[in-house]
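Spelled out from the first residue to the last, the chains are:
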Amino acid sequence: MEEHVLKQVHAGKRDFLGFSHLDAAKIIELFDYSLFIKRKRTERSSGDPFLPLKDRTVAMIFSKPSLRTRVSFELGIHELGGYAINLEGKSIGVGSRESVEDIARLLSRYNDAIVARLHEHSVIEGLAANASIPVVNALTDLSHPCQVLADAFTLYEKGLWHKDIKVVFVGDGNNVANSWIELAGILPFHFVLACPEGYTPDSGLLDAARNAGISRIEVIHDPEAAVSDADVLYTDVWTSMGQEDEQEERLRIFAPYQINSRLLGLAKPSAVVMHCMPAHRGQEITAEVMDGPQSVVIDEAENRLHVQKALMVKLLNHEEYRKFHLTHRLLNAAKNIKG
Ligand code: CP
Ligand code: NVA
């Protein structure tokens, strides 16, 4: 297909590199669609196939290890009738064997979307700038929006999400913390990050979220003060992928930031515990808390599947996505008229 024709086919393509192009209403819409997608999955054997990604293919590039992201994207695309092609970042040589621009232009001729887990965020921006198909951030050193979308959805699904919910992230100001901060610039809630000095989040994202004036956002260094009255205690590894050389030092510096029963006891009795996983029991979280009654870690991991399926339909079959929301609104309006 000629490039100019292809550009028309993909006109108005949407990327998902972070939350910046969304607003609160669009996020709630995506959550409602995720609920629908999740319900649909339980009705799989009903003989009513739901294949909104039929004939669509997605190229997935993984330059870092993954369990949840890779399985949930590949399975999700398959369940929606599409086909996922897995590419190891090392084998295609992103930016070394081949330029980012060429990879983006070439994959745009073969596929309908690119899902990528990369090191530098600038590389995914380069892919998005040069691809004529949607590009989805499956984690970079800067952010992990798919994770935080599934996390917030988990709270929404459980009926816990409200504008004053206090989410306390205890640990490193890393990619996952950055995405929570980005979300706080769009959806109203109370976000607190308790991190050691020198391990603060990205200052650009933090300033932008604060300037948006949507949420109360605090970055403090005292984990005990942070978790007081918390509704959600959240943590992630102390050493992210690519930081392995710093592990020993990080184990020492982060030791006071462990989520354990004592820290959990300072939060609201109803508080839930979240972890994006993989988890290191005995480091950022104790086994007792990770596997305890307040933990929702497996629910949030499962929800990666449903939320990413919803996202893929939004990006690749907007007509189907829009149809759902129109029907939804009409049904609600009819309900209201009936009283
Ligand atoms: N939480 C998460 O993204 O897990 P993986 O690194 O296993 O994909
Ligand atoms: N912060 C972690 C998240 C893993 C899902 C990392 O980047 O390794």
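Residues numbered from 1 in each chain as written. Chains lettered and ligands numbered in written order. Predicted model: local features only at pLDDT ≥ 70, side-chain atom pairs only at ≥ 80, totals over all residues. Heavy atoms only, no water.

Chemist: Just checking my understanding: could you explain the packing of helix α2 (residues 24–42) against helix α14 (residues 297–316) for this structure?
Modeler: The geometry of α2 relative to α14 is characterised by a closest axis approach of 8 Å and an angle of 115° between their N-to-C directions. The angle between the axes of α2 and α14 places the two elements in the roughly perpendicular class. As α2 runs across α14, the sense of the crossing is right-handed. Residue-level inspection shows Lys-26, Leu-30, Tyr-33, Ser-34, Ile-37, Lys-38 and Arg-41 of α2 in contact with α14, the latter providing Glu-302, Asn-303, Leu-305, His-306, Val-307, Lys-309, Ala-310, Leu-311, Val-313 and Lys-314. Broken down by class, the residue content of the contact of α2 with α14 amounts to 8 nonpolar, 3 polar and 6 charged. (Axes fitted to C-alpha atoms, helices over the stretch in contact; angles between N-to-C directions. Helix = DSSP H or I, 4+ residues; strand = E, 2+ residues; numbered from the N terminus. Parallel < 35°, antiparallel > 145°, perpendicular 65-115°, else oblique. Left-handed = near helix turned anticlockwise from the far one by under 90°. Contact = heavy atoms within 4.5 Å. Nonpolar A, V, L, I, M, F, W, Y, C, P; charged D, E, K, R; others polar.)

Chemist: How do you make sense of the side chain of Asn-175 when you look at a structure like this?
Modeler: By the element assignment, Asn-175 lies in helix α8 (residues 175–184). Among the polar contacts made by the side chain of Asn-175, one reaches the main-chain carbonyl oxygen of Thr-140 at a distance of 3.1 Å. Among residues more than four places away in sequence, those in contact with Asn-175 are Leu-139, Thr-140, Asp-141, Leu-142, Ser-143, His-144, Asp-236 and Ser-240. (Polar contact = N/O pair within 3.5 Å; in protein donor to acceptor, adjacent residues only side chain to side chain.)

Chemist: What am I meant to see in a nonpolar patch on the surface here?
Modeler: On the surface, Leu-67, Val-71 and Leu-75 cluster together into a nonpolar patch covering about 260 Å² of accessible area. We classify Val-71 as partly exposed; its relative accessible area is 47%. (Patch = residues over 30% accessible without salt bridge, like charges linked within 9 Å, V, L, I, M, F, W, Y side chains within 5 Å. Areas by Shrake-Rupley, 256 points an atom, 1.4 Å probe, with all protein chains shown as cover. Salt bridge = Lys/Arg side-chain N within 4 Å of Asp/Glu carboxyl O. Buried < 20%, exposed > 50% of the residue type's maximum accessible area, 1.4 Å probe, protein only.)

Chemist: Honestly, the sheet that holds strand β3 (residues 113–117) in this entry has me stumped. Any pointers?
Modeler: Where strands meet in a sheet, backbone hydrogen bonds hold them as pairs that are either parallel or antiparallel. In spatial order, the strands read β2-β1-β3-β4; together these 4 strands make up an open sheet with parallel pairing. Sheet topology places β2 (83–88) and β4 (135–137) at the edges, where each strand pairs with a single neighbour. When the angles between neighbouring strand axes are averaged without regard to direction, this sheet yields 20°. Bridge count between strand β1 (residues 57–62) and β2: 6 bridges; the pairing is parallel. From the neighbouring strand, Thr-57 faces β2, where its bridge partner is Tyr-83. (Pairing = 2+ DSSP bridges.)

Chemist: Help me understand the sheet that holds strand β9 (residues 272–275) in this model?
Modeler: Within the open sheet, the 5 strands sit side by side as β7-β6-β5-β8-β9. Their pairing is parallel. Here the strands that pair on one side only, and so sit at the sheet edges, are β7 (216–220) and β9. Recorded for the sheet is a direction-independent mean angle of 20° between the axes of neighbouring strands. Examined bridge by bridge, strand β5 (residues 166–170) and strand β6 (residues 190–194) share 5 bridges and lie parallel to one another. Paired with Val-167 across the two strands is Phe-191, which belongs to β6. Most of the contacts of α8 go to β6, to which it runs at about 155°, and overall it touches β5, β6, β7 and β8 (232–235). Contacts from α14 reach β8 and β9 within the one sheet, and its direction differs from that of β9 by about 50°.

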